[in-house]
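Single-letter residue listing:
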Amino acid sequence: MSASAPGEKATGNGFVVDTWVNLKRWLIKTTRNPFVLVFSLLNPIMFLVLFTEVFGGITGGAIGSAVGGDTSYITFLVPAIAIQVSLIAATTSGIGLVEDIESGMFEKALVSPMHRGAVFLGKSLSEVLRIVVQVCIILVFGYVLLWIDTGGDPGTYVATGLAGAVGIVLVGVLFSVWFTAFSNVMALVTRDQESTMISVNVLQFPLLFLSSAFLPLDALPGWVQVVASLNPLTYGIDAARALMFGRDVMTAIEVSAFGGIWDTLVPAVVVLGALDLALGVVAVYFMARATSADAR
C-alpha cells in the first residue's frame, strides 16, 4: 500500500468520523474551562450596556439617517455586538491551539492517521457552536435591555422575525470563519500563547472601532470611512443590521442590483465568503505542513 501524502492520510473511520472526534474533544475542553466562556461573553455585554447608556441619548439623529425612523440605539448596536462576540470567539481559537501545541496534544494529532483537514474542521466547528450560543444570548439580552428602556413596550425587535434572528446568528458564524483561520495560522507560526494573543488582539480593536459598529459611516471622519469600507467587520455588521431592520443598510459600497435587503446581504456574504475561503485554505495549508518537529 502506498504511503499517503502529507495532510491526506485518514483513519479507517473516514473524514467525517475524524472530524467528529476532534469536535467532541474541543467541546469537552471548552466546557471544562467555563472561565473563558464567561469572560469572552462579559466583554461584549459590557460594551452593549455602557455604549447604549453613554451614547444612546446623543446618537439619535445619526442613527435615524442611517436606518430610518425613530430607531433605538440598542437595536442599532445589538448586531454590532453580535459580530463582536464572533470576533472574540475567533480570537481565542488560536490560543487554544497553542495550548495543544505546548501540552503535546497537537503533536499526537499530527502523528496519528487522522486527516489534517478534519483536525482543523473539528476544532472550527466547536468554535461555531460556541458562537451560535453566545450570539443567541446577545440577541436575548438586547431584547431585555430594549424592554427595560421602553418601559415594557419594545415593539418590533427584529423586523425580519425569527428567520432574521437565525440569519444574524449565521452571519456571525460566516464572519468568524476567516478570523478563526487567521488566529490558528498565527498559533502555528508563533507556537507561543503570548505572541498569538498579541498578534490577534492588535487587529481586534482597530477592526471594531474602524467600522460601522458604533456609528454610521457618514457620521465618521473621511479617512475612517475609507478604512471602514475595506474592513470585513463593516460587511458583517451591515449584514446583521439589514436583518435586524429589514432594509438595505449597506454603507461600504453602493449596490442596487438585487433590491431591498438583498443589496446588503448579497455583497456582504460574497465578501465574507471569499475571506473565509482564502484564509481557510491558508489555515489548512499550514496544518498540513506542520510536522512533529515543528510542533515542539
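Procedures and definitions
Residues numbered from 1 in each chain as written. Predicted model: local features only at pLDDT ≥ 70, side-chain atom pairs only at ≥ 80, totals over all residues. Heavy atoms only, no water. Helix = DSSP H or I, 4+ residues; strand = E, 2+ residues; numbered from the N terminus. Buried < 20%, exposed > 50% of the residue type's maximum accessible area, 1.4 Å probe, protein only. Lys, Arg positive; Asp, Glu negative; His and termini not counted. Salt bridge = Lys/Arg side-chain N within 4 Å of Asp/Glu carboxyl O. Polar contact = N/O pair within 3.5 Å; in protein donor to acceptor, adjacent residues only side chain to side chain. Contact = heavy atoms within 4.5 Å. Expected span 1.5 Å × (residues − 1). pLDDT = per-residue confidence, 0-100.

Regarding the side chain of Asp238
- With respect to the element layout, Asp238 can be found in helix H10 (residues 232-245).
- One buried charged residue, Asp238, forms no salt bridge at all, with the nearest opposite charge on Arg241 at 4.3 Å.
- Within the structure, the side chain of Asp238 is placed 2.9 Å from the side chain of Thr251, a separation counted as a polar contact.
- Every residue in contact with Asp238, bar those within four places of it in the chain, is listed here: Ser212, Val249, Met250, Thr251, Ala252 and Thr264.

Quick look at the pattern of salt bridges
- Enumeration over the complete set of coordinates arrives at one salt bridge.
- For Arg130, the salt bridge is made with Glu127, and the minimal N-O distance between the two is 2.9 Å. Of this pair, Arg130 and Glu127 both sit in helix H6 (residues 116-149), three residues apart, which is roughly one turn of that helix.
- Residue classification places Arg130 among the buried residues on the basis of a relative accessible area of 10%.
- By relative accessible area, Glu127 is classed as buried at 7%.

Here's the deal with the side chain of Arg241
- When you line up the elements, Arg241 lands in helix H10.
- Not counting residues within four places of it along the chain, the set of residues in contact with Arg241 comprises Phe76, Pro79, Ala80, Ser212, Ala213, Phe214, Gly246 and Val249.

Focus: helix H4 (residues 73-103)
- Over its 31 residues, H4 runs 45 Å from end to end, which matches the ideal 45 Å to within 8%, given 1.5 Å per residue.
- Buried residues dominate H4, accounting for 28 of its 31 residues.
- Its side-chain oxygen 3.1 Å from the backbone nitrogen of Ile74, Ser72 forms the N-cap of H4.
- Following H4 by one or two positions, Gly104 has its phi on the positive side, about 95°.

Structural notes on the confidence of the model for the protein
- Across the protein, the average pLDDT comes to 81, with 86% of residues at 70 or higher.
- Across the protein, the secondary-structure element scoring lowest on mean pLDDT is helix H12 (residues 292-295), at 45, and the one scoring highest is H10, at 94.
- In the model, residues 1-11 has pLDDT below 50 throughout and makes 20 contacts with residues more than four positions away in sequence or in other chains.

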